[in-house]
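So the chains spell out like this:
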Amino acid sequence: MMRILKSRILKGVVSMHIEPELSKGIEEAGSELRSLIRKRYGRSLHIREVDTGSCGACESEIISANNPIYDLQRFGISFVASPRHADCLLVTGPVSKNMLIALKSTYEAMPEPKFIITLGDCALDGGLFKDSYYVCKGVGSILPVALHIPGCPPSPIDIILTILKFLRKKE
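The paragraphs below set out a description of the structure included in this document. On a predicted model such as this, the values are computed, not experimentally measured, just so you know.

Rules and cut-offs
Residues numbered from 1 in each chain as written. Predicted model: local features only at pLDDT ≥ 70, side-chain atom pairs only at ≥ 80, totals over all residues. Heavy atoms only, no water. Pairing = 2+ DSSP bridges. Helix = DSSP H or I, 4+ residues; strand = E, 2+ residues; numbered from the N terminus. Axes fitted to C-alpha atoms, helices over the stretch in contact; angles between N-to-C directions. Contact = heavy atoms within 4.5 Å. Expected span 1.5 Å × (residues − 1). Buried < 20%, exposed > 50% of the residue type's maximum accessible area, 1.4 Å probe, protein only. Arc of directions from axis to C-beta. Phe/Tyr/Trp six-rings, centres within 6.5 Å; stacked < 30°, edge-to-face > 60°. Lys NZ or Arg CZ within 6 Å of the ring centre and 35° of its normal. Core = buried A, V, L, I, M, F, W, Y, C linked by side-chain atoms within 4.5 Å.

**A word on the sheet that holds strand β1 (residues 45-51)**
Here is step 1: Strand order in the open sheet formed by five strands is β2-β1-β3-β4-β5, with parallel pairing between adjacent strands. On the outer flanks of this sheet lie β2 (77-79) and β5 (147-149), each paired with one strand and no other. Within this sheet the neighbouring strands show an average axis-to-axis angle of 30°, counted without direction.
Here is step 2: Pairing of strand β3 (residues 88-92) with strand β4 (residues 115-119) involves five bridges; the strand directions are parallel. Bridge pairing in β4 links L90 to I117.
Here is step 3: The sheet contacts of helix α3 (residues 57-65) involve β1, β2, β3 and β4, and relative to β3 the element is tilted by about 135°.

What follows is the structure, given as structure tokens:
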């Protein structure tokens, strides 16, 4: 118990205050996102995420987008374990040669209609690793990409707003 108290005193408060404006913006964007997803899919948008060799930063932001602050699931976006249940494939990281077959197999296992979102600069063109001998050119050179979410890594709010903008265009 003393160790915990000492640690708390030394570290101080490590949580972050969320400004009311940010919270309001998330709610407004999320509400519109939820209605567009219901209109288009009649249920949630089901996403299968594949990491093709990333550093983990994009995955951290995806996890953050699912935390109680942003909570993508309440807006109608669900991550699924099987590509057979997915509407969308979300790809992160530069496509390493050992993940090429797995990426193609995952895409082929998805039912039609399906689309691909790349998340982060590495998935777009290989990012820092694009000149590496072990990295393919980018997801777009392998499979048809419908949407790219830029950033290294993109923030959870960027993820939400980019998907929202994409679904608005699909109307």
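There's more to say after this.
**Focus: helix α2 (residues 20-41)**
Here is step 1: Helix length check: α2 (22 residues) gives 31 Å between terminal C-alpha atoms against 32 Å at 1.5 Å per residue, within 8%.
Here is step 2: I26, A29, G30, L33, L36, I37 and Y41 are the residues of α2 that are buried. One side of α2 holds all its buried residues, which, seen down the axis, span an arc of 130°. Of the exposed residues in α2, those oriented more than 90 degrees away from the buried face are P20, E21, K24, R38 and K39.
Here is step 3: Once α2 ends, the next one or two residues include G42, with phi positive near 75°.

**Comments concerning the packing of aromatic side chains**
Here is step 1: Per the counting criterion, the structure on display carries two aromatic pairs.
Here is step 2: Aromatic side chains F115 and F166 sit 5.5 Å apart centroid to centroid with 35° between the ring planes, which places their arrangement in the tilted category. With F115 in strand β4 and F166 in helix α6 (residues 156-169), this pair connects stretches of sequence that are 51 residues apart. Neither F115 nor F166 differs from the other in exposure class; each is buried.
Here is step 3: Here K114 stacks its cationic end above the ring of Y107, 4.1 Å away from the centre of that ring.

**Some remarks on the side chain of T118**
Here is step 1: By the secondary structure assignment, T118 is in strand β4.
Here is step 2: With a relative accessible area of 1%, T118 lands in the buried category.
Here is step 3: Not counting chain neighbours up to four residues away, the residues in contact with T118 comprise V91, A123, V139, V145, L147, H148 and I149.

**Regarding the nonpolar core**
Here is step 1: Counting residues in each nonpolar core, the largest one holds 29 residues, and the members touching the most others are L33, L45, I77, I117 and I163.
Here is step 2: For this core, the element with the most residues is α6, which contributes seven residues.
Here is step 3: I163 has contacts with L33, I77, I117, L147 and I149, leaving out every residue within four places of it along the chain.
Here is step 4: Grouped together as the second largest cluster of nonpolar side chains are 14 residues, A86, M110, I116 and V139 included.

These results come straight from atomic positions and should not be treated as a statement about function.
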